[in-house]
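# Commentary on secondary and tertiary structure
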Amino acid sequence: MTRPLVLLALVAATSVAMGAVPLAAPAADQAVTPPADQEVPSPPPNILVIVTDDQRVDMMEAMPRTRRLFADKGTTYPNAYATTPLCCPSRASIMTGLYAHNHNVKTQSRAGATLDVGLTMQHYLSSSGYYTGFIGKWLNGWDIKVKPPYLDETAFFTSSGVVYANGRWNLDGTVVHVAGYSTDFMTKRATSFLTRAEAQDGRPWFLMLTPPQPHRPYRPQRKYAQDRFSKWVRDPSVGEEDRSDKPPWIENATSALVRAPRIRTNQMRTLESVDDMVASVFRTMRENGESSTTLAIFTSDNGYLWGEHGILDTKRHPYTPSVHVPLFMRWPGNVAAGNVDSRFAANIDIATTIFEASGNTERATQVDGRSLLQPSSRQKILLEYWEGDTPLDTWASLRTDTYQYIEYYDETGAVIYREYYDLESDPFQLENLLDNGTPLDDPEFITLSNDLAQARECSGPTCP
């Protein structure tokens with residue numbers, strides 16, 4: 001796609017508006033060379049964001065082509081986290097660059113009615129001239145008959161269940177029944193979107209792909225239904241027997257852990273279809289000559305628990321497998337290929353990065369996340385969750401490289417339980433030092449509690 005230098009045009013228009021005298025146009029055969037100290041802005045990149053549903057970091061084995069496209073051709077962020085490990089709040093954070101306490105989507109059921117879509121990156125990108133599209137799972141609680149604003153093309157479902165096949169979708173404002181497997185349909189829509197976007201000569205495009213995989217009921221395509229993967233090496237937290245140092249609802253939890261290997265296998269089988277979709281989308285971008293001019297990000301909305309601490313087949317908890325997510329970014333010439341960036345990263349950083357890359361630099365400085373295009377790093381991250389759709393209590397947590405501190409709250413906001421894990425000596429979170437019967441090793445939690453309270457009220461650059 002050939003694009004005009006939009007940013008140069010904006011600079012020129014701004015100069016005239018401020019009263020500067022415009023320069024005379026050069027002769028047709030006269031080359032214009034900018035001063036040596038003047039940087040010529042590049043056209044903004046195309047932007048592709050892929051968000052899977054409930055994917056753990058250790059599920060990437062099922063996606064070899066995605067690994068080659070993103071890890072080999074881009075940067076891997078092994079310390080990436082979902083700030084709220086629940087589908088809709090996390091997706092709202094991805095789209096806005098805000099913690100859930102600032103975008104206010106805190107639970108599942110009314111997420112679509114709660115989100116201010118004017119805060120999303122599609123709003124800012126559409127206002128910047130991008131051709132915008134969304135394909136896949138949208139927010140629960142949104143009227144499926146209504147096309148979300150700031151999107152030129154849509155193909156989405158909204159039900160609290162997950163559409164693997166034969167579901168109701170909104171296609172550009174019209175609700176239709178779509179037969180066939182979800183990622184096959186999404187691939188067709190995505191490749192046709194890219195073709196239409198290519199016809200929008202001079203405009204960059206933004207596309208967000210949100211497949212339902214590997215969310216429950218994790219139904220693989222027939223062609224992958226018998227596939228096998230490497231043997232699951234369970235860490236010591238799976239089926240943890242002594243949970244007396246955990247909250248009562250964890251200590252007394254009963255789960256049929258025998259189901260865990262089957263759940264793992266079927267979830268990974270579903271991701272093989274997502275791998276097909278990613279490969280097809282990148283093939284189309286290469287054919288259009290746009291794979292080198294596209295900023296692409298791959299992540300999941302949250303992790304998942306396969307029996308860690310006795311918790312099976314859910315997320316929502318503050319423990320590592322629930323909040324830890326895969327995160328990759330590629331942008332040839334701007335993001336290092338084959339690189340591993342070990343700083344703390346988060347779902348709130350995705351929109352922030354996109355704001356900066358697309359020229360919405362002012363917005364990038366107003367949100368809670370940090371641009372991954374900048375070298376700055378955070379020392380800790382806030383994790384937060386609100387009771388709403390399940391009996392699980394509201395909780396909040398601060399996590400650093402060395403520890404995780406967690407508080408649980410009752411309906412009045414009073415702290416009803418605390419956890420503290422030394423992640424250096426106890427990476428699997430087996431011993432809560434605040435309830436292990438040994439007061440001498442208790443951390444000084446008053447300062448931690450004050451820091452957490454402050455983080456729960458943060459906004460913009462003040463956020464961890």
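Below you will find a few notes about this structure. (Residues numbered from 1 in each chain as written. Predicted model: local features only at pLDDT ≥ 70, side-chain atom pairs only at ≥ 80, totals over all residues. Heavy atoms only, no water.)

## Considerations on the packing of aromatic side chains
Centre-to-centre distance and the angle between the planes together describe a pair of aromatic rings. Per the counting criterion, the structure on display carries 19 aromatic pairs. Centre to centre, the rings of Phe70 and Phe298 are 5.9 Å apart; their planes meet at 50°, and the pair counts as tilted. Of this pair, Phe70 sits in helix 2 (residues 64-72) while Phe298 sits in strand 9 (residues 294-300), and the two are 228 residues apart along the sequence. In this pair, the class of Phe70 matches that of Phe298, namely buried. Relative to Tyr420, the ring of Tyr403 has its centre 5.4 Å away and its plane inclined at 15°; by these criteria the two rings are stacked. Within this pair, whereas Tyr403 is found in strand 17 (residues 403-409), its partner Tyr420 is found in strand 18 (residues 415-422), the two being separated by 17 residues in sequence. You can call Tyr420 buried: its relative accessible area is 13%. (Phe/Tyr/Trp six-rings, centres within 6.5 Å; stacked < 30°, edge-to-face > 60°. Helix = DSSP H or I, 4+ residues; strand = E, 2+ residues; numbered from the N terminus. Buried < 20%, exposed > 50% of the residue type's maximum accessible area, 1.4 Å probe, protein only.)

## Some points on the packing of helix 3 (residues 87-96) against helix 11 (residues 348-357)
Two measures define how a pair of helices packs: the angle their axes make with one another and the distance between the axes. Remark: helix 3 packs on helix 11, axes separated minimally by 5 Å, with the N-to-C direction vectors making an angle of 20°. Judged on the interaxial angle alone, helix 11 and helix 3 are roughly parallel. The handedness of the crossing between helix 3 and helix 11 comes out as right-handed. Along its contact with helix 3, which presents Ser93, Ile94, Met95 and Thr96, the element helix 11 presents Ile348, Ile350, Ala351 and Phe355. When the residues that make up the contact of helix 3 with helix 11 are grouped by side-chain class, the tally is six nonpolar, two polar and no charged. (Axes fitted to C-alpha atoms, helices over the stretch in contact; angles between N-to-C directions. Parallel < 35°, antiparallel > 145°, perpendicular 65-115°, else oblique. Left-handed = near helix turned anticlockwise from the far one by under 90°. Contact = heavy atoms within 4.5 Å. Nonpolar A, V, L, I, M, F, W, Y, C, P; charged D, E, K, R; others polar.)

## Things to note about the nonpolar core
Core analysis: the largest hydrophobic core is formed by 49 residues, its most contacted members being Leu48, Phe70, Trp169, Trp205, Leu207, Leu209 and Phe282. It is helix 9 (residues 260-287) that provides the largest number of residues to this core, a total of 10 residues. Non-local contacts of Phe282, meaning those with residues more than four positions away in its chain, are made with Leu48, Leu69, Phe70, Ala296 and Arg330. Core analysis: the second largest hydrophobic core is formed by 43 residues, Ile94, Met208, Ala351 and Phe355 among them. (Core = buried A, V, L, I, M, F, W, Y, C linked by side-chain atoms within 4.5 Å.)

## Here we look at the sheet that holds strand 4 (residues 131-137)
Reading across the sheet, the 10 strands line up as 7-6-5-4-8-1-9-12-2-13 and stay open at both edges, with mixed pairing between neighbours. In the strand order of this sheet, the two ends are held by strand 7 (174-181) and strand 13 (339-340), each with one partner. Sheet topology places strand 1 (residues 46-52) next to strand 9; seven bridges connect them, and they run parallel. In the strand pairing of strand 9, Ile50 is matched with Phe298. Each of strand 1, strand 9 and strand 12 (327-330) touches helix 11; the most contacted strand, strand 9, lies at about 175° to it. (Pairing = 2+ DSSP bridges.)

## Quick word on the sheet that holds strand 18
Overall, antiparallel pairing links the four strands, which are arranged 15-16-17-18 in an open sheet. Here the strands that pair on one side only, and so sit at the sheet edges, are strand 15 (381-385) and strand 18. For this sheet, the mean inter-axis angle between neighbouring strands, taken without regard to orientation, is 15°. Note that strand 15 and strand 16 (residues 394-399) share five bridges and pair antiparallel. By the bridge assignment for strand 16, Leu383 is matched with Ser397.

## Re the state of the cysteines
By the definition in use, this model includes one disulfide. Covalently, Cys458 is tied to Cys463 through a disulfide, its sulfur atoms 2.1 Å apart. Sign of the S-S torsion, about 95° for the bond between Cys458 and Cys463, identifies this disulfide as right-handed. By the burial criterion, Cys458 is buried, and Cys463 matches it. For the unlinked cysteine Cys87, the closest cysteine sulfur is that of Cys88, found at 6.4 Å. (Disulfide = S-S within 2.5 Å.)

## Notes on the side chain of His309
Structurally, His309 can be placed in the loop between strand 10 (305-306) and strand 11 (312-314). Looking at His309, the relative accessible area reads 1%, which means it is buried. A distance of 2.7 Å separates a polar atom in the side chain of His309 from a polar atom in the side chain of Glu240. When sequence neighbours within four positions are dropped, the list of residues in contact with His309 reads Ser237, Gly239, Glu240, Arg243, Lys246, Ile250, Tyr319, Phe428 and Gln429. (Polar contact = N/O pair within 3.5 Å; in protein donor to acceptor, adjacent residues only side chain to side chain.)

Read these as geometric descriptors, not functional statements.
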